[in-house]
Structures are given as structure tokens and as C-alpha cells.
Amino acid sequence: MTSKIGFIVNPIAGMGGRVGLKGTDGVVKKAEELGAKRVAPFKAEQAVKEFLSMHREEDVKWFTCSNIMGEEELKKAGVEDIEVVYFLKKNREETTADDTKKACKKFLEKNVDLVFFCGGDGTARDIFEVVKDKTPILGIPSGVKMHSGVFGINTSASAKMLHEFVNKRLTIGDVEILDLDEEKYRKGEWNIRIFGVAKGIIEPTYVQVGKTVFKSVSDDEIKDELSEHIADEMNMHPDYLYIFGSGGTIDYIAKKIGVENTLLGIDAVYKKKLVGKDLNEEGLLRVLDKHPKAKVILSPIGAQGFILGRGNLQLSPRVIRRIGLDNIIVVSTPSKLASTPVIRVDTGDKQLDHEFAEKEYMMVVIGYRLSRVVRIQTNNF
Amino acid sequence: MKEKTEFLEREYKELEEKGYTWVIRDLLGPSDVHVNVEGKECIMLASNNYLNLANHPKLKEAAMNAIEKYGAGAGSDWSIAGTMDIHQKLYRKIAEFKNTEDAVTFQTGFAVNAGVIPQLVGKGDILISDELNHGSIIDGVRLSKADRAIYSHSNMGELEKVLQDADKKNYRRAIILTDGVFSMDGDIAKMDEICKLAEEYGAMVYVDDAHGEGVLGDGHGIGREFDLEKKIDFQVGTFSKAFGSFGGMLAGSESLIKFAYNTARTWLLSAAFPPHVAAANIAALEVVEEEPERVKKLWDNTRYFKKEIESLGFDTGYSQTPIIPAIVGDSKKAKELAENLYREGIFALAIVFPMVARDKARIRNQMNAGMTREDLDKILSAYEKLSTKLKLV
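All values reported here derive from a predicted model rather than from experimental measurement.

What counts and how
- Residues numbered from 1 in each chain as written.
- Chains lettered and ligands numbered in written order.
- Predicted model: local features only at pLDDT ≥ 70, side-chain atom pairs only at ≥ 80, totals over all residues.
- Domains from an automatic or database assignment.
- Contact = placed C-beta atoms within 7 Å.
- Helix = DSSP H or I, 4+ residues; strand = E, 2+ residues; numbered from the N terminus.
- Core = buried A, V, L, I, M, F, W, Y, C linked by C-beta atoms within 7 Å.
- Buried ≥ 20, exposed ≤ 12 C-beta atoms within 10 Å, placed from the backbone.
- Pairing = 2+ DSSP bridges.
- Axes fitted to C-alpha atoms, helices over the stretch in contact; angles between N-to-C directions.
- Nonpolar A, V, L, I, M, F, W, Y, C, P; charged D, E, K, R; others polar.
- Arc of directions from axis to C-beta.

> So what exactly am I meant to see when it comes to the domain arrangement of chain A here?
Residues and elements named next belong to chain A. Domain boundaries in chain A define domain 1 (3-202) and domain 2 (215-378). Distance from the C-alpha centre of domain 1 to the C-alpha centre of domain 2: 30 Å. Contact with domain 1, which involves 16 residues of that partner, is made by 15 residues of domain 2. Counting only elements with at least two residues in the side of domain 1 that touches domain 2, the list comes to β6 (171-180) and β7 (192-202).

> Can you help me understand the nonpolar core in this one?
Soluble globular proteins tend to pack their nonpolar side chains together in the buried interior. In terms of nonpolar packing, the biggest core is built from 229 residues, with Val115 of chain A together with Ile128 of chain B touching the most fellow members. Considering every element that reaches this core, the biggest residue donor is helix α12 (residues 275-290) of chain B, with 10 residues. The contact partners of Val115 of chain A, leaving out residues within four places of it in the chain, are Gly6, Ile8, Cys104, Phe107, Ile127, Val131, Thr135 and Ile137 of chain A.

> What is the right way to look at the sheet that holds strand β3 (residues 82-86) of chain A in this model?
Paired through backbone hydrogen bonds, the strands of a sheet run either parallel or antiparallel to each other. All names here are of chain A. Pairing is parallel in the open sheet, where five strands are placed in the order β3-β2-β1-β4-β5. Two strands lie at the open edges of the sheet, namely β3 and β5 (137-141), each paired on one side alone. Taken over all neighbouring pairs, the strand axes of this sheet differ in orientation by 25° on average, direction set aside. Bridging between strand β1 (residues 3-9) and strand β4 (residues 114-119) involves five bridges; their strand directions are parallel. For Phe7, the partnering residue across the bridge sits in β4 and is Phe116.

> Is there a simple way to think about the interface of chain B and chain A in this case?
By a frequent convention, interface size equals the accessible area lost on bringing the separate parts together. At the junction of the two partners, chain B supplies 18 residues and chain A supplies 14 residues. Mapped onto the side of chain B that touches chain A, the elements with two or more residues apiece are β5 (147-151) and α7 (156-168) of chain B. Residue contributions to the side of chain B that touches chain A peak at five residues, all from β5 of chain B. Here the residues of the side of chain B that touches chain A are counted per class, giving nine nonpolar, three polar and six charged. Two elements, strand β18 (residues 370-378) of chain A and β5 of chain B, share three bridges in a ladder whose sense is parallel. Within β5 of chain B, the position partnered with Ser371 of chain A by the bridge is Ala149 of chain B.

> Hey, could you run me through helix α13 (residues 350-359) of chain A in this one?
Residue pairs three or four apart in sequence face the same way in an α-helix, which turns once every 3.6 residues. All names here are of chain A. Of the positions making up α13, those classed as buried are Leu352, Asp353 and Phe356. Across the axial projection of α13, the buried residues extend over an arc of 100°, all falling on one side. Away from the buried face of α13 by more than 90 degrees, exposed residues Lys350, Gln351 and Glu358 are located. Among the structural elements, α11 (317-323), β16 (342-345) and β18 are those in contact with the buried residues of α13. Phi for Glu360, located one or two positions after α13, is positive at around 65°.

And the structure:
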């Protein structure tokens, strides 16, 4: 069966990188003045070329945008059958978030199976705003920031993921869309937040049936196991406060246990009842005053596997110290660990990061009563 | 409407589309170095018959004599009325061979792991397992009520971290489980370090030496190889690989064997294996002791083949044993190579994703003590020819 791919290039993505800007939104001119070159069109072309080398052309139907927003790159890569669904005005050198969003609306009308794009976190965010979690997203990394879980690790990896997806050997799962608030960043504030939970392309979790016969287990089945594990844990320690982190995995677990959790926020649960919703640092400290014995449940967020420091700054060094490093429970689906084989910590507090670094490894729960050792990486080394 | 058996065909098709199904080929005759595969003469490169005992005259003779004396079947479960004196003789022989207090046999090695592991632990205990352990260990671990922790393959730093973490959590019992020789890469477990860590942290050690028996420690296995026979608490093995016959075994202390007799459901609820199997197993252990040149020849072949195939440019990964992978990269290439080898009269198995990483698909070459230099050169020249033809290296 032919896969329908919506292909979109953000031609200005990544331009800020070499000139020290954290993104190109609204500052293209400045970037160009500083000598920035366009990198996304080339990367997009390379990815499509590599994909085509592994495929028959009839396996895929391409939908894209005119000129520099996809059409040119596809043509250069050698694709002949292209349906342009969104038209840019002639001779436009720059595109905006609005163009991305409008193009995605057209893709939805065409019922594409996947939005394949070249850009950065900003582009991912714009696409997600339109396609939500209805259509999976896969990115060729070409931005300045690529914290979101939709990206392959490089151009070639993204091409291979597309290839495996078209061959139905990869599956669809939850990935976080993250973004740095660019306005705040330029003012000196480092604030990466979770923008939403999208559908991405993930490695299925395989269970060996026979010697070479494997069955893939759905992500939901694994998350059910994780939920059961956490429910057991809570039953075993009924006197503890449980703080639920943010992101798709934790949200699933909380809902399964019967807690009305905040997908993108931090909640506190005591005796299986919500005692604090979408808490900020102060809120967390207050609830910890009342319940000093606490555990926090975290899951790696985004493409790089951060458990602290991306998307959950409410869990500040003060909060983490109060809870204690030994009371952190990290859960993850094996497919997420397949793409982020280390877990990262960036608390913003050197001493605390150092304490994490000294642990070297963390036990990560990957199934019911099943855990594995995963290396911790901090910014200290 | 509930689904009925239509799912069988549908799910089979899905496996087939992904290329995960087996094509079973029939051997028309014994498993030996030279085999008849559906009418085609081939050199066997995919069997576990390392010492070439499967078709050995002494094993065959012992089996035939046992049929004459005891008949074709044991008639019952081992626990009820199926244990014959020849089974008991085999247990004693295994214990002597493995230098343990006692031993017992199971239907298969799988049955040992699936039956014994869940009985050794319960809630409040932890099983610590290498990520590349055989599926039968994985299933045994899954059937238990204990917590389970996995460490990266042979990563002793990670193993120690798990043991430290387990110490903090005050488990009642901890068991480290490992294959002796890992079947995909042919590398050997770091038994000395594992036993040292186990001692330091008060854990027990469980080893499945299916691919190490007949190969390591002059054929006696990994315990003898590392001089750790008394430090490994649970020694699991099989007669179906280097020993050329059939059946699983468990060796260890007298109390372990008594415990296993009375708790392992795979032992208690299956029939004893036929007496001629026990007779062939005894003969196999005797041959290993009487013909030490077999193990030596196996290693000569291993060293020669490994050196030569590497000189052809093939990556053999971490191989340290007669399992010598030729890593070619993607799964399609590996399958293509296996098919081409077959056409050249060489029966070999392609190991592909997800058994190994996507870019580590391979042919698993398994050496045999019965192979002559001529056999090995024939295999090597086929590799040489095909590596150019298929642009492999």
C-alpha cells in the first residue's frame, strides 16, 4: 500500500545556530547579517535522496508546498510525482510559522499518513499545533534546538526511520514536543517547556516468541505494565506522597491509577487522591511540608532523554533535595530507551548535578517489576 | 462478535510479511558434518553438534542396547514411576563430570530454566539477568514473582550497580543469571568477575552453559574453565548441543537437586525421557572423557576458521568460541548470503533484526570437531566468492 507523506521544509531553520542565536523565529535578517547560511534545504534533499535509494517510487505519494518549502527539495532529490497542496507567493525567500500551519491543514485534508519535515523545535511546534496527536510527525533535524521527540538523530537516521515506517517496521507512539521560549531566552531565561504530546515514529518493543520469531508489543501494553508496577509501589508505601512528573508516559500511568493528572504539569498524589494539581515550585514545597516522605515518578522527556531540566523546571533543585535522590522512580517504555540510551539531568544546580553524576547509573522501570540499569549523564562533564 | 481462529492465518501472514517466519528444511539422514538437506548434499554450519557426537557409533550403540533392555519409553513421570536405574546412573555421571554433589535431568534445557527459576525466588527477592540471556532464562524469570533487573550485556559495572541498588532495598535473595556462552556472538560470560561480585554482595549465581559444555574447560564447561565449579550455585546444561543427544540437566548441591525434584513443575508434570536417551547421554560424557582430541580438534578448527574469515574482511564481532559470526550489516544482505551459501552446498543460518541490532545481521557459523581442513576451505572459498558477488566487505 502506498504511504501518503506530507513533506515540509522550513528553509530558514538552523540559520541561527552558527551565529549563536537560539532559533530563527523573527530574526532571519539578523542571522543573515551575521553570515548565516541556509542548511535545511540541503538536509531535506539529502534525506529524501537516501530514502529513495532504499525504496520504489510507487511506495510513497508525496504532498508538499511550493518552491523552497518542499517542492524544490523533492525535485532535486529526484521525485517526479509531487502534489503541491500549499502555494507560496512567488519569489518569497522567507517563510513563517503561518505558512507551516496552513500547509499542515492542507495535509490533513489529504489524510496523509505522516508529516515529514525538516526544521527545528519551532517547526515541530507549529506542525503539532495543527495536526495535534492525529497524524504522526517525523523530523529531519535542522534547527538550532532539537529537544522534541520527533527527530531522528541526524539526516540519515531520519531517512532510515521513514524507510522503516513505510515498511511498517516502526510503529507510532507518544513523543513530547518541547520548545524553548525564544522571547524569554533572548532575555536570558532558559525555559524549555513541554508544548504537547504528539505522535511520533518509535521502535516497537519486541518480545521473542521463537528463536527468530518476534512479536511487537504495543506501547499501551507496556504502559499498562508500568501502571501496575506503580500501583503496587503505592500500595506498598501508603504513607508516601507521590509526585507525578509530566509527559505522555506519566500521564497514562496516573490516569490508569485513577488520578486526574496534568499532562504537561506536575501533580501530587497522597493515598491515591490528588492533593496538588499543576504545582509550581512553591506549591510543591508546600505539599512537601505537609508530607515530607515523598517519591517522584519521572520519565525521559523528548529526544535526548532528560528526566530533569527539560519541561519540568518546577522540580527545582530545592524540591529534588527535599524528596531525595533515592526517592526518584524513573519509568520508561523500552522503545523510548532505544532512542535515548542515557538519561540526562540538568537541574541548573552544579552540586546536585554532581550528586547525580556520582550515581553513574539509575534503575529505570521498563515493565512490571522489571527494571534495567541506565547511565546518567549530566552537564558536569 | 468474538474473534475465532481466523486470527491464526492473519497473524501468520503478518509475521511472514515482516520476514520473521521459519523456512523449515528437512534433513534426510543424520546430523553430521556432511548432511543431506532435502536431497542436497551440504556442509552443516548451523548445528550445535560441536563435538560431532550426534551420529557417533558409541552413542548409537548405547541407545540401541538400552532399547533392547528397557524398551522404547519410560512409561511415567520421573516422580511417579518413570525413573529407571539408567536415569540414576546418568545423574551420577553428570555430577561426576560437573564435579558437583548431585545432578538431575529434565526434558530440555528450556524445561530446567522455566521450571526451576520461578521456584528459587518469590516476592521480596530479585533476579538479575544479562540482557542477552537465552529466551528460556527470560521465560523462567518472567514466571517468577521476584523483582527483575537487567544489565547491559557483560557489563560488570552495571551489574555492580544493580547489586548495590538491591542491597539498599533489602531483598531476601538475589540471583545473578547468565548464559555461559552467548549464542548470538559466541562470547564467554565473565564468570570470574560475576562470581566475585556475587560473593561480595551475597548473591547466588545461576549459569546456563548450553553452548559452553563440550567446548570450554576440556569439554566439562564453564565451571571447569574458570575453576569455579564450587562457586556456581546452579549449573544448567543440555545434552542436545555438543553432547549430541537430548535432554536438559541441572547440577549443584544435593539440597538443590532434592529441592528441584519436589518443586519444579516442568520436571514433576512431564514424563521421564526414554531410557535410550539416558544411555546415549552417558555414552556422550564417556566419549568426551575418552577422546579428548575431539575438543582439541574443535578448537583447532575454530582458530583456523576465525583467522581465515577475518582475513577475508569479515567482522566476527566478539566471538571467543566455536560460534563465529560473519557480520554483514543489514538483514536483507544476511539472508541473501545464507541463500547463496546454500546454493554452494553450505547450510548456514542468517541471524537478523530483531535478534541482533539492525546493522549487525550476520551468518552464525558454528564449528564442528568433525570438519576437516578441506571442509573449512570449501566454506571459506564460498565466502570469498560471495563476498565479491554480493559486495559484502
